[in-house]
Amino acid sequence: MSQLARTPKQIGDILRRERMRAGLSQTELADRAGVRQATVSQIETGQPAARLQTICDLMAALGLEMTIGERTRGINVEDIF
């Protein structure tokens, strides 16, 4: 299933949803990815200072991958708020 993310907050929301779908706590995901639980929390809340490598480690721990594509011109409701 593809999910659109254009902001750090949207990336964090996707990672949180996927973590919860997998039945993992933040601590369990952090252990799998080799990061601190506080780092998982910061990324899930959309704090923009996350390292790209850390996001990739979390995605790998959740069995996710990133696909880069051209930005669509449609209005995204989340971008309005």
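Residues numbered from 1 in each chain as written. Predicted model: local features only at pLDDT ≥ 70, side-chain atom pairs only at ≥ 80, totals over all residues. Heavy atoms only, no water.

Some details on helix α4 (residues 52–61)
1) Next: Every buried residue belonging to α4 is among Thr54, Ile55, Leu58, Met59 and Ala61, and all of these are buried. Here the buried residues of α4 occupy an arc of 165 degrees about the axis, which is enough to place them on one side. In α4, the exposed positions that point more than 90 degrees away from the buried face belong to Leu52 and Ala60.
2) Next: Of the surrounding secondary structure, the elements contacted by the buried residues of α4 are α1 (8–21), α2 (26–33) and α3 (37–44).
3) Next: Where α4 terminates, the next one or two residues include glycine 63, which has phi positive at roughly 70 degrees. (Buried < 20%, exposed > 50% of the residue type's maximum accessible area, 1.4 Å probe, protein only. Helix = DSSP H or I, 4+ residues; strand = E, 2+ residues; numbered from the N terminus. Arc of directions from axis to C-beta. Contact = heavy atoms within 4.5 Å.)

Focus on the packing of α2 against α4
1) Next: For the pair α2 and α4, the least separation of the axes is 8 Å and the interaxial angle reads 105 degrees. As far as their axial angle goes, α4 and α2 are roughly perpendicular. From α2, Leu29, Arg32 and Ala33 reach across to α4, where they touch Asp57, Leu58 and Ala61.
2) Next: Tallied by class, the residues present in the contact of α2 with α4 amount to four nonpolar, no polar and two charged. (Axes fitted to C-alpha atoms, helices over the stretch in contact; angles between N-to-C directions. Parallel < 35°, antiparallel > 145°, perpendicular 65-115°, else oblique. Nonpolar A, V, L, I, M, F, W, Y, C, P; charged D, E, K, R; others polar.)

Some remarks on the pattern of salt bridges
A side chain with one charge can pair with a side chain of the opposite charge if their charged atoms come near.
1) Next: According to the stated counting rule, one finds five salt bridges in the structure shown.
2) Next: In this structure, aspartate 13 engages arginine 16 in a salt bridge whose closest nitrogen and oxygen atoms are separated by 3.1 Å. Of this pair, aspartate 13 and arginine 16 both sit in helix α1, three residues apart, which is roughly one turn of that helix.
3) Next: A relative accessible area of 24% means that arginine 16 is categorised as partly exposed.
4) Next: Because the salt bridges share partners, they merge into one network encompassing Lys9, Asp13, Arg16, Arg19 and Glu44. (Salt bridge = Lys/Arg side-chain N within 4 Å of Asp/Glu carboxyl O.)

Bear in mind that shape data such as this cannot, by itself, settle questions of function.
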